[in-house]
Amino acid sequence: GEYLPCIHLQAYMRERYGYLPREGAEEKRRVPFDLLGDLYWPVVLVGSSMGGWIALHLALLRPDRVRALVGIAAAPDFTDWGYADDEAAVRNGLARGFWESGQKLRLLDNQIAIDCPIRLLHGEQDNEVPLEIAFRMLRALRSADVQLHVIKGGGHRLSEPHEIDTILRTVAALIDQPLEPAP
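Residues numbered from 1 in each chain as written. Predicted model: local features only at pLDDT ≥ 70, side-chain atom pairs only at ≥ 80, totals over all residues. Heavy atoms only, no water.

Novice: Quick question: what am I supposed to make of the pattern of salt bridges here?
Specialist: A side chain of one charge can pair with a side chain of the opposite charge when the charged atoms of the two come close. All told, the structure shown has eight salt bridges when counted by the stated rule. D64 is paired through a salt bridge with R62; the nearest N and O atoms lie 3.3 Å apart. For R142, the salt bridge is made with D115, and the minimal N-O distance between the two is 2.6 Å. Of the two residues, R142 is situated in the loop between α6 (131-140) and β4 (146-151) and D115 in the loop between α5 (96-104) and β3 (118-123); the sequence distance between them amounts to 27 residues. (Salt bridge = Lys/Arg side-chain N within 4 Å of Asp/Glu carboxyl O. Helix = DSSP H or I, 4+ residues; strand = E, 2+ residues; numbered from the N terminus.)

Novice: Got a minute to help me understand the packing of aromatic side chains in this structure?
Specialist: Centre distance and the angle of the planes are the two values used to describe a pair of aromatic rings. If you walk through the whole model with that rule in mind, you get two aromatic pairs. Centre to centre, the rings of W53 and F78 are 5.2 Å apart; their planes meet at 85°, and the pair counts as edge-to-face. With a gap of 25 residues between them, W53 in helix α2 (residues 50-61) and F78 in helix α3 (residues 78-81) connect regions that are remote in the sequence. Residue classification places W53 among the buried positions, given a relative accessible area of 3%. Residue F78 is classed as buried on the basis of its relative accessible area, which comes to 5%. Counting every residue linked through ring pairs, the aromatic cluster contains W53, F78 and F98. (Phe/Tyr/Trp six-rings, centres within 6.5 Å; stacked < 30°, edge-to-face > 60°. Buried < 20%, exposed > 50% of the residue type's maximum accessible area, 1.4 Å probe, protein only.)

Shape is all these values report; function is a separate question.
Put into structure tokens, the structure is as follows:
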């Protein structure tokens, strides 16, 4: 269907973990943060995997610019559950500096002070980000409007037609919500 007939899309992608060896997690989250400064209205942030983690940080840094957030197999605190230590991370292609800075930006051990509507989409069979991470996010997020949608049989990519349809419908529903006045 035609879910998103008139939107502005801004995409930030990276080739692989540690793509720029001198670049840490703090610097990686600055790129999309800078993009928010160019916009005149609140946005619906959509982030997949590590992009979901970056979206959470963006919403924390610029709550005035974030209308809602969608995390698709979001991977916050991947340095805690994704790798046993920095050596394991390096063996798997993650730059040591990126792993170390990611350790400093963990979110799940405390309340995540985001108040906008949040939708978490996660595949039941995700082999990259454990489903338990989505439940930990659900519990840690402060917003009263958080929903977790587990897609039966879905993997990490959520790229099957019915999975993409779910993502598009979720984003469209958030775009269609009336904009709440700022407090």
